[in-house]
Each structure stands twice: as C-alpha cells, then as structure tokens.
Amino acid sequence: MTDCYFDISINFQKVGRIVFKLFDDVVPKTARNFRELCTGQNGFGYAGCPFHRAIPGFMVQGGDFTNRDGTGGRSIYGPKFDDENFQLKHDKAGLLSMANAVFGEVKEGMDIVKKIEEQGSESGKTKAEIIIYKCGTVE
C-alpha cells in the first residue's frame, strides 16, 4: 500500500517531511483511517493540525484536529473505532500508534521527529508551534 507523509513546520519555518510506512497487513482498518486522514478525502484530516505534546527521548503526539490538544478525536468510521490488535509492541523509536496500538513506522524523516522532540519538555508542553502544514500519500 501507499506510504503517507507529514510536512512539518516549526514556528512557521518549514523543517521537512516525515514519511510513514503503514502496517496494512496487520491493522488494515487503522491504516486506512490514517491514510484517509492524511489525504483529507473525507473533508477532514491532519492538514493544519499541531503536534501538541513532545517529550524529548520518549515521544511526540499530534493529530487531534478536533480539539488540537489531545482530548479530541474523530475517525473516518465515526467518533471512535475499536483497536485492531495489540500484538505489535512499542519496542523501538519511530513507531506510529493510536491509543497504544502500533500501526506504522517512520520510514524517512527521523531527523524531523528529533527536531519536534527538541521543542518539547519533560511535561510534554511544547516550546514552539509545530504544525502538519501539508500531508497526504507518497506518489
């Protein structure tokens, strides 16, 4: 299946692209949801959405395009949908997850993920505005 990307800006400066490989074979519903939120084909999605939380050396969190703070959520299937599995574990850097269910990984752009982490803090509060200014599928 097609890889997805986020183009990232930090304080309105374009810093680069993160490309994700999705695990369609293990979590097809979750992968489809992420892919369609990247393309915005349903009239909503990740474009313009912030990374609202970053903890250096641990994680970055973004994608809440409803509330923009991690408390919201919407999928292509409705307000929520069940996790498909928990067999894939958080055992390395660069994994992509939603509600602790792993469904993809960073294929390119870990340097950009690190730049996002650098804008974080122990509490998770970000020091800068980090935005997914463009996203979609890789042609």
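Note: the structure precedes this text.
Bear in mind that the values here come from a model prediction, so they are computed numbers and not experimental data.

Parameters at a glance
- Residues numbered from 1 in each chain as written.
- Predicted model: local features only at pLDDT ≥ 70, side-chain atom pairs only at ≥ 80, totals over all residues.
- Heavy atoms only, no water.
- Core = buried A, V, L, I, M, F, W, Y, C linked by side-chain atoms within 4.5 Å.
- Buried < 20%, exposed > 50% of the residue type's maximum accessible area, 1.4 Å probe, protein only.
- Helix = DSSP H or I, 4+ residues; strand = E, 2+ residues; numbered from the N terminus.
- Contact = heavy atoms within 4.5 Å.
- Salt bridge = Lys/Arg side-chain N within 4 Å of Asp/Glu carboxyl O.

Enquirer: Sorry if this is basic, but what is going on with the nonpolar core here?
Expert: Proteins that are soluble and globular tend to have nonpolar side chains buried together. In terms of nonpolar packing, the biggest core is built from 31 residues, with Phe-6, Ile-8, Phe-34 and Tyr-46 touching the most fellow members. Counting residues per element, the ones that place at least two in this core are strand S1 (4–10), strand S2 (13–22), helix H1 (28–39), strand S3 (49–55), strand S5 (95–98), strand S6 (101–108), helix H2 (110–118) and strand S7 (130–137). If we skip the residues at most four places from it in the chain, Ile-8 touches Gln-13, Lys-14, Val-15, Gly-16, Ile-18, Phe-51, Ile-112, Ile-116, Ile-130, Ile-131, Ile-132 and Tyr-133.

Enquirer: Looking at this structure, I do not really get the pattern of salt bridges. What am I missing?
Expert: Between side chains of opposite charge, a pair can form when the charged atoms approach closely. Across all of its chains, the model carries six salt bridges by this definition. The salt bridge involving Lys-107 is made with Asp-3; its shortest N-O contact spans 2.5 Å. Separated by 104 residues along the polypeptide, Lys-107 in strand S6 and Asp-3 in the segment before S1 bring together distant segments of the chain. Owing to a relative accessible area of 14%, Asp-3 belongs among the buried residues under this scheme. Residue Arg-35 pairs with Asp-24 through a salt bridge whose shortest N-O separation is 2.9 Å.

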